[in-house]
Structures are given as structure tokens and as C-alpha cells.
Amino acid sequence: LDLGDGTYAIQFKQNGVTTYVRVDGDLPAGGPYSGGLEYAHPGSSGNQWAAIFEKAYAEFDRSWSYSSLDWGYFGSVLSSLGASYSSLSISSAGSLASAIVSAVNSGKGVTVGTTSSVQNVPLIGSHAYTVTKAWNDGWGNTYVTLRNPWGYDGAGYDGKNDGYVTLTVAQLQPFLIAASVS
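The sections below set out a description of the structure shown in this document. (Residues numbered from 1 in each chain as written. Predicted model: local features only at pLDDT ≥ 70, side-chain atom pairs only at ≥ 80, totals over all residues. Heavy atoms only, no water.)

Let's talk about the side chain of T111
And step 1. Position of T111 among the secondary structure elements: in strand β4 (residues 110–114).
And step 2. The exposure class of T111 is buried, given its relative accessible area of 12%.
And step 3. Those residues in contact with T111, other than ones at most four positions away along the chain, are F74, Y129, T130, A178, A179 and S180. (Helix = DSSP H or I, 4+ residues; strand = E, 2+ residues; numbered from the N terminus. Buried < 20%, exposed > 50% of the residue type's maximum accessible area, 1.4 Å probe, protein only. Contact = heavy atoms within 4.5 Å.)

In C-alpha cells form, the structure reads like this:
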């Protein structure tokens, strides 16, 4: 919620208790991302909600430090937002593909996390992505488009370096540590 005075209120929930964290729009600079930001960057429309949320979550987490956000489980973040979620099985590319397509096509949010050893795909290791699109082609392949909240592609990017990468689920599955639907 934009409070109109250069500050923002972000709502979190923990153990059934609603808490609002108020932060200003001063974001850490000196980083490689869009506009020189250190962490999350503005979306394609120029909005800075991801960066504002990230700053508020660092404070909500009681660490008051961005470094505390380097490791963790996105399920904790979803819970802190009051969102219910369920984990997806990542052991089979076929069942994972079916679950992702079903969830995305029914308007649910899908989040995936990568292992530390990502190779030969344009992803970042030990990182969380949101699935923005999922579809089956006519040859039995399931594709997903992932969004990196940092706004850039991993190694071997597709030439746009915009934070969106498209892979088959078969390419993605070996590098997943977790996946959830909210």
C-alpha cells in the first residue's frame, strides 16, 4: 500500500497475527540490476513493488538485512503473506509438467527453486523463480516460462536478458530442489 508520503505498508501474517511493515522507497544501490539496484529491480512497467516488498520482508524477518534473504524456502514467504500453498512432486518430469500446466491454467501461482548445480540451462543456481506461462506443444513437450525476480537471465540467456527464460519441463526438472502452488 502506497502511503503517499514516500513510504509503503506491506502486510504479513505469522501465526495468525497480521503485521504491517512500513518502509521507505530508498533502495540499495550499487548493483548490477536495472537502475543500478543491488537486489530486486523494477518490473517491465517500471514499478518497484518487488524491491519494496523485498525490503519490507527483510525487516519483517527481524534480520533487517538483505543477506538474511539469501537462503531459505519460498514456502515461508508465501506463509508470511497469508497464502496457502502445496508442494509439487519434482521426482517425475511428466507429473511435474501436468501439475504445473494445470495450476497455471487455473490461475494459481507456481514457484520453483533451483539446486546449486545448474548447468546448460539459462538459470541461476540456488534461486527462486515464478512460472508465468506453461503449455504443451503438439509433440508431447511441456514448456514453461520462468521469471527471475532479479530481472536477468542466467548463463546462456536468450539474447534479451530480461529475466524471462523458456525451457521444457524436462530441461528444468533435473535442477529443481522444490516447487509449489499457491
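What about unusual backbone geometry?
And step 1. In this structure, N120 takes a positive phi of about 60° despite not being glycine.
And step 2. As for its position among the elements, N120 is in the loop between β4 and β5 (128–136).
And step 3. Even without glycine at this site, S126 takes up a positive phi of about 55°.

A look at the packing of aromatic side chains
And step 1. With the rule as written, the count across this model stands at two aromatic pairs.
And step 2. When the centroid spacing of 5.7 Å and the interplanar angle of 50° are considered together, the rings of F12 and Y57 count as tilted. In this pair, F12 sits in strand β1 (residues 7–14) while Y57 sits in helix α1 (residues 49–60), placing the two residues 45 residues apart along the sequence. Taken individually, F12 and Y57 each receive the classification buried, so the pair is uniform in this respect.
And step 3. Seen in terms of ring centroids, W135 and Y143 are 5.6 Å apart; in terms of plane orientation they differ by 15°. Their pairing is stacked.
And step 4. For the cation-ring pair, K133 lies above W135, with the distance from its terminal atom to the ring centre recorded as 5.1 Å. (Phe/Tyr/Trp six-rings, centres within 6.5 Å; stacked < 30°, edge-to-face > 60°. Lys NZ or Arg CZ within 6 Å of the ring centre and 35° of its normal.)

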